[in-house]
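Listed below, chain by chain, are the residues.
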Amino acid sequence: MTGPKKVAAIHDISGIGRCSLTVIIPVLSAMGVQVCPVPTAVLSAHTGYGEFVMRDLTDYIPAALAHYKRLGTDFDCIYSGFLASSEQIDHCLDFFASFPQALKVVDPVMGDNGKSYQTYTPQLCARMSELAAIADIITPNLTEAAILLGEDFPEGTVDSAMMRSWLVRLSQKGPEIVVITSVPLTSGGICTVGYDRRRNSFWKIAGEYVPISYSGSGDMFTSVLIGGILGGDSLPIAMNRAAAFTQSTIKTTYSYGTHWTDGIMFEPQLYRLRADRELSDYTNL
Ligand code: PXL
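Summary of the structure given here. Here the structure is a predicted model, which means the values were calculated and not measured. (Residues numbered from 1 in each chain as written. Predicted model: local features only at pLDDT ≥ 70, side-chain atom pairs only at ≥ 80, totals over all residues. Heavy atoms only, no water.)

Let's talk about the sheet that holds strand β11 (residues 201–205)
In step 1: Across the sheet, which stays open at both edges, the ten strands sit in the order β3-β2-β1-β4-β5-β8-β9-β10-β11-β12 with mixed pairing between neighbours. In the strand order of this sheet, the two ends are held by β3 (54–56) and β12 (283–284), each with one partner.
In step 2: Sheet topology note: the strand β1 (residues 6–16)/strand β4 (residues 77–80) ladder contains four bridges and is parallel. Note on β4: the bridge partner recorded for I10 is S80.
In step 3: Each of β1, β2 (34–45) and β4 touches helix α1 (residues 21–30); the most contacted strand, β1, lies at about 135 degrees to it.
In step 4: The strands touched by helix α6 (residues 160–172) within the sheet are β8 (137–138), β9 (177–184), β10 (190–196) and β11, with β9 carrying the most contacts at an inclination of about 145 degrees. (Pairing = 2+ DSSP bridges. Helix = DSSP H or I, 4+ residues; strand = E, 2+ residues; numbered from the N terminus. Contact = heavy atoms within 4.5 Å. Axes fitted to C-alpha atoms, helices over the stretch in contact; angles between N-to-C directions.)

Written out as structure tokens, the structure is:
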């Protein structure tokens, strides 16, 4: 009887390349969740293109927050992602603090494949841990997990014991739930691993290796995860839902042979987010 859940999404909007808000809005909307975008920057194309036009919206965020407070707006979830400046960390902290009832999700977007994104300064990366510390849920990929822990990016495969230790160490920084994506486990495939501190439970979703990493895959994963959790999923079911949809859209994209910068081709599959399906492909980690 309360209508759709409402998420404030603090991310950039990039004109081409399918990532951040151009993925988050359709995915969460398809899952019956209302997205209220709080853009951190407008880019002609995501940073993976190398050349792009960018307008930093650092001043916009506190002004929008002040407006929402005057209106008495409420959100069920605040979800932050790609940031354009280290001052935006302070603005996100204010945003999260202003809606204490909301689920706090931080995707600590900083890099992929062992490298940080072009616009991410060492200062911005260093401050990302302040946001992770106040979150309920964080969803780093393996590169971002390494940066948050001050570890080197692991080359080659990693074992389950090491991932359990990384999950616990990340959770000790604050968040009750930690999910790490794009993990090449020694047991095979590219896996998603998760930890729920309250239950002391570790989860793994096994995934197939696809030899290209499309932009927007992380935004897709976290959006479906949030849609699942707001809809009442347990953590392993939400991880299963998010990993299965992301994997299937990655395989759709791969079949067309498009360039990775074109991003994850989700449009043909969007309708499937509304379909009921059995989700039992998780195991203990
Ligand atoms: O998907 C992460 C992301 C979001 N926004 C911008 C990016 C990237 C990754 O490259 O460049 C602008």
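Looking at the environment of S255
In step 1: Assignment of secondary structure puts S255 in helix α8 (residues 235–256).
In step 2: S255 gets classed as exposed once you look at its relative accessible area, which sits at 57%.
In step 3: In sequence terms S255 and V179 are 76 residues apart; their C-alpha atoms lie 28 Å from each other. (Buried < 20%, exposed > 50% of the residue type's maximum accessible area, 1.4 Å probe, protein only.)

Focus on the pairing of β11
In step 1: When you tally the buried positions in β11, you get five out of five residues, the bulk of the element.
In step 2: With five bridges connecting them, β10 and β11 associate as antiparallel partners. Each residue of the ladder has a partner; that of G194, found in β11, is W203.
In step 3: Here β10 hands over to β11 after four residues, with N200 in that stretch at a positive phi of 50 degrees.
In step 4: Relative to β12, β11 runs antiparallel, the two being bridged by two bridges.

Comments concerning the nonpolar core
In step 1: Core analysis: the largest hydrophobic core is formed by 53 residues, its most contacted members being I78, F95, Y120, M163 and I180.
In step 2: In contact with I78, other than residues within four places in its own chain, are A8, I10, F95, F96, F99, A102, L103, K104 and V105.
In step 3: Ranked by size, the runner-up nonpolar core spans 38 residues in total, among them Y214, I226, L230 and F266. (Core = buried A, V, L, I, M, F, W, Y, C linked by side-chain atoms within 4.5 Å.)

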